[in-house]
Every structure is written in C-alpha cells, then in structure tokens.
Amino acid sequence: HGTMIESFMQTFGIKAIRGSSSRRGKQAMIEMITALREGGNIAITPDGPRGPVYSLNPGVVRLASRTGVEVMAVQVECSDCWELSTWDKFKIP
C-alpha cells in the first residue's frame, strides 16, 4: 500500500520517505532525521509490513528520541470507504 499512499501524497506535493523494519529501514530513518533537522514535517503510517495491524512499531519512538521532536498521534476515520481484503484492512475513502 506504500506505493498507493506515495502516489496520493505526491498529488499534494508531499515527498515520501519509504522504509520499514524489513526494507530500507536504516536509510529511511536517516532521511527522516535529516528532514526534521532541516525544519521539515513528517507523517508516518506506523504499523509495519508484518503487523500486527494498528500497532505502533518502535521506529517512531526511536525517531522522536534521536531528534527531540514531539510525536502527535492522529487517527482518521471515513464514513464511506472500500476496505481491502488484506492483513491490515487498508481503507480507501
């Protein structure tokens, strides 16, 4: 679903930093730290490729610890959506 999210965000001019605990994780962490130190804002979809669904993985906490940047948890709900038959029940409004 990362490609779908990345494409959507690009329509708003928002750059994606792709990575997970199993793919490009270290490089993504370096890119996020750099973006934050340059004054940028980031948003993270926190549940990893192996789940469990709706569970925060340690990378977000590690990023906040290394940069001193505050973390704000946000949940988005939609009244009507398509729900994919995938492990994470990905929803498309």
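Placed above this text is the structure.
Residues numbered from 1 in each chain as written. Predicted model: local features only at pLDDT ≥ 70, side-chain atom pairs only at ≥ 80, totals over all residues. Heavy atoms only, no water.

A.B. asks: Where do I start with the nonpolar core in this structure?
C.D. replies: If you look at soluble globular proteins, the nonpolar side chains tend to sit buried side by side. Met-29, Met-32, Ile-33, Leu-36 and Leu-63 together form the largest nonpolar core, which totals five residues. Per element, the largest residue contribution to this core is four residues, and it comes from helix H2 (residues 25–37). When sequence neighbours within four positions are dropped, the list of residues in contact with Leu-63 reads Met-29, Met-32, Ile-33, Leu-36, Ile-42 and Ile-44. (Core = buried A, V, L, I, M, F, W, Y, C linked by side-chain atoms within 4.5 Å. Buried < 20%, exposed > 50% of the residue type's maximum accessible area, 1.4 Å probe, protein only. Helix = DSSP H or I, 4+ residues; strand = E, 2+ residues; numbered from the N terminus. Contact = heavy atoms within 4.5 Å.)

A.B. asks: Just checking my understanding: could you explain a nonpolar patch on the surface for this structure?
C.D. replies: On the surface, a cluster of nonpolar side chains totalling about 330 Å² of accessible area is made up of Phe-8, Phe-12 and Ile-14. Along the chain, Phe-8 falls in helix H1 (residues 2–10). (Patch = residues over 30% accessible without salt bridge, like charges linked within 9 Å, V, L, I, M, F, W, Y side chains within 5 Å. Areas by Shrake-Rupley, 256 points an atom, 1.4 Å probe, with all protein chains shown as cover. Salt bridge = Lys/Arg side-chain N within 4 Å of Asp/Glu carboxyl O.)

A.B. asks: Honestly, the pattern of salt bridges in this entry has me stumped. Any pointers?
C.D. replies: Pairing between side chains of opposite charge can happen when the charged atoms of each approach one another. Here the structure, examined in full by the defined rule, presents three salt bridges. A salt bridge links Glu-31 to Arg-24; its shortest N-O distance comes to 2.5 Å. The partner of Glu-83 in a salt bridge is Lys-91, with the nearest N and O atoms 4.0 Å apart. Glu-83 sits in the partly exposed class, given a relative accessible area of 46%. Lys-91 sits in the partly exposed class, given a relative accessible area of 36%.

Honestly, it's all geometry; don't read function into it.
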